[in-house]
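Tertiary structure, described
Okay, here's what each chain looks like letter by letter:
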Amino acid sequence: MTIMLPIIEQLANAPDDAMRARWLLRVPEQVLSRDHVAIHDLLVTAGFQDGIAALNAEVAASSAIRDSSGTIPQRIRFEREYARIGLAIIARGGEGKGA
């Protein structure tokens, strides 16, 4: 039996993609970074492809090499914002991009 942190259990217990999307939008970035493997596994198990893409974008942004002004590369910022917009649509009850 694997013991999960309560915040990760919330994702594990989410009944649908809308709840998973809301969780991904609200969870602290540090949790995404620290627990990305467990989160990824839960999203794969749920078949939530948009969530996997959003998690990957967040991890890429948190580990990106910044430019001399401390800015994340534009491509990575766009991917993260695009993923967040998709999650917001799903969280409001809209269908996933892949649906």
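Check the entry above for the structure.
Below or above, wherever it landed, is the structure these notes cover. (Residues numbered from 1 in each chain as written. Predicted model: local features only at pLDDT ≥ 70, side-chain atom pairs only at ≥ 80, totals over all residues. Heavy atoms only, no water.)

What about the overall build of the protein chain?
When helices and strands are counted, the protein chain shows 6 helices and 0 strands. Secondary structure of the protein chain in N-to-C order comes out as α-α-α-α-α-α. A globule of 99 residues ought to have a C-alpha radius of gyration of about 13 Å, and the protein chain, at 14 Å, matches this closely. Each principal axis of the C-alpha atoms in the protein chain carries an extent, and together these give about 45 × 30 × 20 Å. Considering the protein chain as a whole, with its 99 residues, one finds that 33% of them fall into the buried category. The contacts of the protein chain with a sequence gap of at least 6 include a subset with a gap of at least 24, amounting to 51%. Accessible surface for the protein chain amounts to roughly 6,300 Å². Of this, 55% is attributable to carbon and sulfur atoms. (Helix = DSSP H or I, 4+ residues; strand = E, 2+ residues; numbered from the N terminus. Rg over C-alpha atoms; globule rule 2.2 N^0.38 Å. Buried < 20%, exposed > 50% of the residue type's maximum accessible area, 1.4 Å probe, protein only. Contact = heavy atoms within 4.5 Å. Areas by Shrake-Rupley, 256 points an atom, 1.4 Å probe, with all protein chains shown as cover.)

Considerations on the pattern of salt bridges
One pass over the full model with this rule turns up 6 salt bridges. Close ionic contact of Arg20 with Asp17 constitutes a salt bridge, the shortest N to O distance being 3.0 Å. You can see Arg20 and its partner Asp17 sitting in helix 2 (residues 17-26), 3 residues apart, about one turn around the helix. Judged by relative accessible area, Asp17 falls into the partly exposed class, the value being 29%. With a shortest N-O distance of 2.8 Å, Asp35 and Arg34 are connected by a salt bridge. Residue class for Asp35 comes out buried when judged on its relative accessible area of 16%. Relative accessible area serves as the criterion here: at 46%, Arg34 is assigned to the partly exposed category. (Salt bridge = Lys/Arg side-chain N within 4 Å of Asp/Glu carboxyl O.)

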